[in-house]
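Okay, here's what each chain looks like letter by letter:
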Amino acid sequence: MAAAGLPDPERDREDVHRTALGIVERFFGLSLPKDPIVHGTLPAVLLEPA
C-alpha cells in the first residue's frame, strides 16, 4: 500500500494508468483516447525561457 497520491509499486502499471486517466477525465470533463495513452508513446514538448 502507498501513501495517498503516490504510485503503489505493487499495483499493475496499466491499472495505475487507467486510474490516473479516469481522475484526469473526471476533473477536466475530458474523454481521452485510452489505448494510445496507455500503450503508445506520447509527444513531449520542451519549453525554454524566452
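Trainee: Looking at this structure, I do not really get the overall build of the protein chain. What am I missing?
Mentor: The helix and strand tally for the protein chain stands at two helices and zero strands. Here the protein chain holds 50 residues, and the buried ones make up 12% of them. With an accessible surface of roughly 4,700 Å², the protein chain has 62% of that area assigned to carbon and sulfur atoms.

Trainee: Just checking my understanding: could you explain the packing of aromatic side chains for this structure?
Mentor: Counted by the stated rule, this structure contains one aromatic pair. Ring centres of Phe 27 and Phe 28 lie 4.8 Å apart, and the angle between their planes is 85°; this geometry places the pair in the edge-to-face category. A residue is classified by how much of its surface remains accessible, and Phe 27, at 67% relative accessible area, is exposed.

Trainee: Where do I start with a nonpolar patch on the surface in this structure?
Mentor: Residues Val 24, Phe 27, Phe 28 and Leu 30 make up a contiguous nonpolar surface patch of roughly 440 Å² in combined accessible area. On the secondary structure map, Phe 27 appears in helix 1 (residues 13–28).

Trainee: Whenever I open this one, helix 1 confuses me. Can you help?
Mentor: Each α-helix turn comprises 3.6 residues. Residues three or four places apart therefore point the same way. Along its 16 residues, helix 1 runs 23 Å from first to last C-alpha, staying within 8% of the 22 Å computed at 1.5 Å per residue. In the core, the buried residues of helix 1 are packed alongside helix 2 (34–39). At the exit of helix 1 stands Gly 29, carrying a positive phi of roughly 65°.

Scoring rules and cut-offs
Residues numbered from 1 in each chain as written. Predicted model: local features only at pLDDT ≥ 70, side-chain atom pairs only at ≥ 80, totals over all residues. Heavy atoms only, no water. Helix = DSSP H or I, 4+ residues; strand = E, 2+ residues; numbered from the N terminus. Buried < 20%, exposed > 50% of the residue type's maximum accessible area, 1.4 Å probe, protein only. Areas by Shrake-Rupley, 256 points an atom, 1.4 Å probe, with all protein chains shown as cover. Phe/Tyr/Trp six-rings, centres within 6.5 Å; stacked < 30°, edge-to-face > 60°. Patch = residues over 30% accessible without salt bridge, like charges linked within 9 Å, V, L, I, M, F, W, Y side chains within 5 Å. Salt bridge = Lys/Arg side-chain N within 4 Å of Asp/Glu carboxyl O. Expected span 1.5 Å × (residues − 1). Contact = heavy atoms within 4.5 Å.

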